[in-house]
Amino acid sequence: VSTQSTWDPNNHTHYFSCVLLHLFSESSTAQEIIQEQITRVLLERLIVNRPHPWGLLITFIELVKNPRYEFWKKSFIHCSSEIQRLFENVGQSCVGNVPKRPAEAPQAQPPVEGKA
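**Concerning the confidence of the model for the protein**
Parts of the prediction with low pLDDT should not have their coordinates interpreted in detail.
Right, on to step 1. Taken as a whole, the protein shows an average pLDDT of 76; of its residues, 72% reach a score of 70 or greater.
Right, on to step 2. Mean pLDDT per element in the protein: helix α4 (residues 81–94) is the minimum at 75, and helix α1 (residues 11–26) is the maximum at 89.
Right, on to step 3. This stretch, residues 102–108, has a pLDDT under 50; its non-local contacts, to residues over four places away or in other chains, come to zero contacts.

This is the structure in structure tokens:
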């Protein structure tokens, strides 16, 4: 419901943006599900056709750019490579530069029996 209140730049938009960011920042690591739900709602609104509500863009940009929220370190961002690429693409289109995912370490090949 709060994301519906973020259309125009006004006091209500600012208030609901601050509420969403506060809920995100005050959720403990054990309550990462709250952060994931906030992110999911914002993302669902961002991947639909434009125009996007002004407050939605401002809230998402603040979330991904401000190191206070540690957005790119959240486990739900990295749960699968498809999800991670989706966040990187949306972040790139909204913000411009997003942290690149670390290079994946090559997996060791299991030893072949009979060879040392």
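**Topic: the packing of helix α2 (residues 32–46) against helix α3 (residues 54–65)**
Right, on to step 1. Relative orientation of the contacting elements α2 and α3 amounts to 130°, with a least axis distance of 10 Å. For the element pair α2 / α3, the angle class is oblique. For the element pair α2 and α3, the recorded crossing hand is left-handed. Between α2, through Thr39, Leu42, Arg45 and Leu46, and α3, the contact on the second element is made entirely by Leu56, Leu57, Thr59, Phe60 and Leu63.
Right, on to step 2. Partitioned by chemical class, the residues of the contact of α2 with α3 number six nonpolar, two polar and one charged.

**Let's talk about α3**
Right, on to step 1. Counted at 1.5 Å a residue, the expected span for α3 with its twelve residues is 16 Å, and the 16 Å between its end C-alpha atoms agrees.
Right, on to step 2. Along α3, the positions that sit buried rather than exposed are Gly55, Leu56, Thr59, Phe60, Leu63 and Val64. Down the axis of α3, the buried set is contained in an arc of 155°. They therefore lie on one face.

**Observations concerning the nonpolar core**
Right, on to step 1. Judged by nonpolar contacts, the single largest core of 18 residues is most densely connected at Phe24, Leu42, Phe60, Leu63 and Phe71.
Right, on to step 2. Broken down by secondary-structure element, the contributors of at least two residues to this core are α1, α2, α3 and α4.
Right, on to step 3. Those residues in contact with Leu63 that sit more than four places away from it in its chain are Leu21, Phe24, Thr39, Leu42, Tyr69 and Phe71.

**Here's the deal with the side chain of Thr59**
Right, on to step 1. With respect to the helices and strands, the residue Thr59 is situated in helix α3.
Right, on to step 2. Excluding residues within four positions of it along the chain, Thr59 makes contact with Ser17, Leu20, Leu21 and Leu42.

Analysis parameters
- Residues numbered from 1 in each chain as written.
- Predicted model: local features only at pLDDT ≥ 70, side-chain atom pairs only at ≥ 80, totals over all residues.
- Heavy atoms only, no water.
- pLDDT = per-residue confidence, 0-100.
- Helix = DSSP H or I, 4+ residues; strand = E, 2+ residues; numbered from the N terminus.
- Contact = heavy atoms within 4.5 Å.
- Axes fitted to C-alpha atoms, helices over the stretch in contact; angles between N-to-C directions.
- Parallel < 35°, antiparallel > 145°, perpendicular 65-115°, else oblique.
- Left-handed = near helix turned anticlockwise from the far one by under 90°.
- Nonpolar A, V, L, I, M, F, W, Y, C, P; charged D, E, K, R; others polar.
- Expected span 1.5 Å × (residues − 1).
- Buried < 20%, exposed > 50% of the residue type's maximum accessible area, 1.4 Å probe, protein only.
- Arc of directions from axis to C-beta.
- Core = buried A, V, L, I, M, F, W, Y, C linked by side-chain atoms within 4.5 Å.

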